Amino acid sequence: MKRENFGSKLGAILAAAGSAVGLGNIWRFPIETGRNGGAAFILVYIACIILLGMPIMMSEFLIGRHTQSNTARAYQKLAPGTPWKWVGRLGVFTGFFILSYYAVVAGWTIEYAVLAVSNQFQGMTTKAEFEQVFTNFSSDPLWPIVWLIVFILLTHFIIVRGVARGIERWSKVLMPMLFIIIAVLVVCSVSMPGASSGVQFLLQPDFSKVNSHVVLSAMGQAFYSLSLGMGCLCTYASYFDRKTNLSKTTLQVCVIDTMIALMAGFIIFPAAAAANYGLTPQDIGPSLIFITLPNVFQQAFGSIPVLAYVFSVMFYLLLIVAALTSTISMHEVVTSYMAEEFHLKRNRSALIETCLSIFLGIFCALSFGCLSDVKLFDMTIFDIFDWTASNICLPVGGMFIAIFTGWYLDKQLFRDEVTNGGTVHAPYFKALIFVLRYITPLAILAIILGNFGLF
Ligand code: TRP
């Protein structure tokens, strides 16, 4: 059977960027930046993108495109009879975990889109009012679960329609639109009176705040935001065609993704400063954008209510789409793994993943309400999922991917993929191998061990 391919070069880039750009950029990046001290964190984050993210993304792309199969099978093809397939399996597991709690936040975005459409934010001005809306909703035992299920079903629906028709068509139109709206919001936010302390927070690094936890969080965020370390981009690259230039695609995806994350930061912090929120450490958690953003719309366009309305509606709808292109990519990893490994029909395999993720997701959703007291190391169920998946599972997966391509993979095969059989010039080839062999895996190991005080 011939595997489906993305129909065009642009389609491949947009699908990969669609996977990368999502709640990780707009919801999680501001939280991590806020928790970890602002500008200095951002610099460490960018260093992680360049030294760890880009080489690993190249690796995932080349493994995926070369083998044209799901992530666990890819290792079996390249390294038959070895334990490398466990790297693929770890990825499938991680994807399943991330999807479960990611869909909870994605579900919240549906609620906020509904609130925006029904014009519920109009006239609200104080932080307390926005907080109330969020707390009432997130602790409700029913609605967050309903939206969680709706979101996973939406993902399911697109997944069963197939890769090219589903994923590509969505990404092509909506990603650029999201970009434009975000850009407008940055301008609005930065130009609000009183925004400057928020801008400073993002631009003036205070390196005394950088410790091992900050570095671990920056690394986790880099993996999370780029969709790396679990075979997601590897699975996508299995649908790339032979002419896709892997290094160019890597660069494009990393630049787009980082720009959108930074822009989200430049929406949230200046606006919070302008609104005199005085963000306390408790504010900087999963609720951050849900409390700050509705206020941005009200403040920025307050004198022209129609604009406030139109912008907030468009923003939440596009956020849903951005989240959807990301959940699709996680779902696809698990679906294609089960379908190809257990010889299931794609529909069947997708349905199993959908049910499992809904099941786990319900616990994550309830951890903001009736399960909020269930804690381990002072983290709720939701926090545990998020912390473990992003700060441990993804980097460990990434480390093995780097070791695999740097040490194990045949260099000729590597070079052929990177240069598309000698047709693309790749002067950085030796440097890439060096980084993948020594820098990336050792840095990841050191950062993880450092976090536990072992290094
Ligand atoms: N990168 C996406 C975001 O920023 C989330 C995501 C999609 C992801 N696929 C992934 C994260 C795979 C980790 C691994 O929202």
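Anyway, here's the lowdown on the structure attached to this text. (Residues numbered from 1 in each chain as written. Predicted model: local features only at pLDDT ≥ 70, side-chain atom pairs only at ≥ 80, totals over all residues. Heavy atoms only, no water.)

### Considerations on the nonpolar core
Counted only if it meets this: Residues enter a nonpolar core if they are buried and are Ala, Val, Leu, Ile, Met, Phe, Trp, Tyr or Cys, with the set joined through side-chain atoms within 4.5 Å. Only protein chains enter the area calculation, which uses a 1.4 Å probe; residues under 20% of their type maximum are buried, those over 50% are exposed, and those in between are partly exposed. Any pair of residues with heavy atoms lying within 4.5 Å of one another is described as a contacting pair.
Residues I26, W27, I182, M219, L293, F315 and Y316 are the most contacted members of the largest nonpolar core, which totals 155 residues. In contact with M219, not counting residues within four places along its chain, are C48, L52, P395, I444, I447 and I448.

### A word on the site of the ligand
For clarity, the threshold we go by: Being near a molecule or strand, for a residue, means having at least one of its heavy atoms within 4 Å of it. Side-chain atoms alone can form a polar contact between residues adjacent in sequence; in general such a contact is a pair of N or O atoms within 3.5 Å, and within protein one must be able to donate a hydrogen while the other accepts it. Here the Shrake-Rupley method, with its probe set to 1.4 Å, supplies the accessible areas, and only the displayed protein chains count as covering residues. Cavities and pockets are defined on a 1 Å grid built over the protein atoms alone: a cavity is a set of grid points where a 1.4 Å probe fits but cannot escape, while a pocket is an open set with protein on both sides within 12 Å along at least five of seven lines, and lining residues are those with an atom within 4 Å of any such point. What decides whether a molecule sits in a cavity or pocket is whether more than half of its atoms lie within 2 Å of the grid points. Secondary structure elements follow DSSP: runs of H or I no shorter than four residues count as helices, runs of E no shorter than two count as strands, and numbering proceeds from the N terminus. Asp, Glu, Lys and Arg are counted as charged, while Ala, Val, Leu, Ile, Met, Phe, Trp, Tyr, Cys and Pro are counted as nonpolar; the rest, among them Gly, fall into the polar class.
Around the ligand sit 17 residues in total, of which A20, G24, Y102, Y224 and S227 are the nearest. Between the ligand and the protein, one listed contact pairs an oxygen atom with a backbone N or O atom of A20 at 2.7 Å. Here an oxygen atom of the ligand and a side-chain polar atom of N25 are 3.1 Å apart. Protein chains bury 100% of the 360 Å² of accessible surface belonging to the ligand in isolation. Structurally, the ligand is housed in the largest cavity. Within the residue set of the shell around the ligand, elements represented by two or more residues are α1 (9-20), α2 (23-35), α5 (85-117), α10 (212-226) and α14 (305-341). Taken together, the residues of the shell around the ligand sort by class into 9 nonpolar, 8 polar and no charged.

### Quick word on empty space enclosed by the protein
Formally: Grid points are joined across faces, edges and corners, and a volume is the space filled by probe spheres set on the points.
Using the criterion set out here, one finds 5 cavities of 30 Å³ or more in the structure. Roughly 130 Å³ of internal volume is contained in the largest cavity. In this structure, the largest cavity is lined by 17 residues; those nearest its centre are S19, I98, Y224, S227 and M330. Where the lining of the largest cavity is concerned, the elements lending two or more residues are α1, α2, α5, α10 and α14. The leading source of residues in the lining of the largest cavity is α14, at 3 residues. Grouping the amino acids of the lining of the largest cavity by side-chain chemistry returns 11 nonpolar, 6 polar and no charged.

### Here's the deal with the packing of helix α9 (residues 196-203) against helix α12 (residues 246-274)
As a reminder of what qualifies: Here, axes are lines fitted to C-alpha atoms. For helices the fit covers the stretch in contact, and angles between N-to-C directions go from 0 to 180 degrees. Working rule for angles: under 35 degrees goes down as roughly parallel, over 145 as roughly antiparallel, 65 to 115 as roughly perpendicular, anything else as oblique. Each crossing is labelled by how the near helix is turned from the far one, with a counterclockwise turn of less than a right angle marking it left-handed and a clockwise turn marking it right-handed.
Where α9 contacts α12, the two axes come as close as 6 Å, and the packing angle between them is 135°. One element, α9, and the other, α12, form an angle in the oblique class. Considering how the two elements wind past one another, α9 and α12 form a crossing that is right-handed. For the pair formed by α9 and α12, the contact residues are S197, G198, V199, F201, L202 and L203 on the first element and G265, F266, F269, P270 and A273 on the second. Its residues assigned to classes, the contact of α9 with α12 comprises 8 nonpolar, 3 polar and no charged.

### Notes on helix α17 (residues 411-418)
Worth spelling out the cut-off: Within this analysis, the arc is defined by the directions that extend from the helix axis to the C-beta atoms.
Among the residues of α17, L413, F414, E417 and V418 are the ones counted as buried. For α17, the angular spread of the buried residues around the axis is 130°, confining them to a single face. Structurally, α17 contributes buried residues whose contacts are with α3 (39-67), α4 (71-78), α12, α16 (381-408) and α18 (429-451). N420 occupies a position one or two residues after α17 and carries a positive phi of about 50°.

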